[in-house]
Amino acid sequence: MPRLPKLPAPPLPAALKAPPARPGEEDGRLGPIEDAKQAGITIVDWVDERTSLSGVGRWLLFRKVPKGTNWFYTLGSATLFAFLSQAVTGVFLAMYYRPDPAGGAYESIRHVTNEVFLGQFVRGMHKWGSSVMVVLVFLHMGRTFLFGAYKYPRELNWVIGVVLLVLTLVMAFTGYLLPFDQRAYWATIVGVNINGTGPLLGPYLSDFLRGGGEFGATTLSRFYSIHMLLVPGLIIALIGAHLYLVTKLGTTAPPWEKAENSADLREAKA
Ligand code: HEM
């Protein structure tokens, strides 16, 4: 089994090092900007001394990346950003939303769109953002596939990615019902019926989604709870695992980059 070469620890970023005193500053008096900078460093130092969190931050952010890394490597972070934007806008929408099938859900969305300050903007961001996230997650998967990033030792990260892809689609599907207008209602009936045609588990899955044999009052609250509690929780946990593995294993070099003939990478002869 090939062994991965151990990389040296990344250096402490300059922003966290106290700068040496400038000529004329030896008396200890600094300008207001320098004072503010020193206060920032002091606070970071105080927290770090008690938690050692800067080590984690450095491990996560100051990594060596392979030669040939390009813009396509930003697709994963772009997906992460889309998810964070969905999370923030979703929290604000949840402040007004009522999962009441007898007209309350539709009315609460109408209220957000027409009457709440910036409501239409936040709802628009969430609605368009969901499509953006779906497109980005597919592009990111395409990049990792075409660059062979699913191969050893990153198979587990690929599998976690597949689960993230399914969960992203579940978010889009469950969110679609929430406005509870005609389009949402009928599209979801079609979607749930399509799920029901799956082999073996299909009928159980559609029963679970409906909350029974018929599309009824529990369906909406079930979709709402899946959409804002269950699946986001799973996505956050899995993104954590995904990024841990990205940091631990590093990213794959593009397939057209040839490995350097370094002594570290040559296998020892027995
Ligand atoms: C919520 C969804 C996802 C997020 C937020 C996410 C985030 C990221 C980030 C930030 C990276 C590192 C930078 C990069 O290569 O772009 C990465 C790498 C990776 N992702 Fe994802 N990802 C997601 C979904 C997926 C999916 C659906 C797959 C595949 C099925 C996948 C497979 C991988 C693999 C194999 C790597 C390692 C890339 C390499 O070594 O070059 N990810 N991911």
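What counts and how
Residues numbered from 1 in each chain as written. Predicted model: local features only at pLDDT ≥ 70, side-chain atom pairs only at ≥ 80, totals over all residues. Domains from an automatic or database assignment. Core = buried A, V, L, I, M, F, W, Y, C linked by C-beta atoms within 7 Å. Buried ≥ 20, exposed ≤ 12 C-beta atoms within 10 Å, placed from the backbone. Helix = DSSP H or I, 4+ residues; strand = E, 2+ residues; numbered from the N terminus. Contact = placed C-beta atoms within 7 Å. Near = placed C-beta within 6 Å. Nonpolar A, V, L, I, M, F, W, Y, C, P; charged D, E, K, R; others polar. Axes fitted to C-alpha atoms, helices over the stretch in contact; angles between N-to-C directions. Parallel < 35°, antiparallel > 145°, perpendicular 65-115°, else oblique.

Novice: Give me the lowdown on the domain arrangement of the protein chain, citing residues and values where you can.
Specialist: Per the domain assignment, the segments of the protein chain are domain 1 (30–62) and domain 2 (71–249). On a C-alpha basis, the centres of domain 1 and domain 2 stand 36 Å from each other.

Novice: Please set out the nonpolar core residue by residue, giving values where relevant.
Specialist: In this structure, Leu-93, Tyr-97, Ala-105, Ile-109, Val-112, Val-122, Leu-177, Leu-178, Phe-180, Leu-220 and Phe-223 together form the largest nonpolar core, which totals eleven residues. Where this core is concerned, the elements lending two or more residues are helix 4 (104–114) and helix 9 (217–249). For this core, the element with the highest residue contribution is helix 4, accounting for three residues. Not counting the four nearest positions on each side in its chain, Val-112 is found in contact with Leu-93, Tyr-96, Gly-119 and Arg-123.

Novice: An account of the site of the ligand is requested, with residue identities and associated values reported.
Specialist: Taken together, 27 residues lie near the ligand, and Gly-76, Ala-149, Gly-161, Thr-251 and Thr-252 sit nearest. When residues of the shell around the ligand are traced back to their parent elements, those giving at least two are helix 3 (75–94), helix 5 (119–146), helix 6 (155–177) and helix 9. Residue contributions to the shell around the ligand peak at seven residues, all from helix 6. Counted by class, the shell around the ligand contains 15 nonpolar, eleven polar and one charged residues.

Novice: Lay out the packing of helix 6 against helix 7 (residues 182–196) with the relevant residues and their values.
Specialist: The axes of two packed helices give the description: the angle between them and the distance between them. Running from amino to carboxyl end, helix 6 crosses helix 7 at an angle of 140°, the nearest separation of the two axes being 8 Å. What the angle tells us is that helix 6 and helix 7 run oblique. For the pair helix 6 and helix 7, the contacting residues are Phe-173, Tyr-176 and Leu-177 in the first and Ala-184, Ala-187, Thr-188 and Gly-191 in the second. The residue makeup of the contact of helix 6 with helix 7, split by class, is five nonpolar, two polar and no charged.

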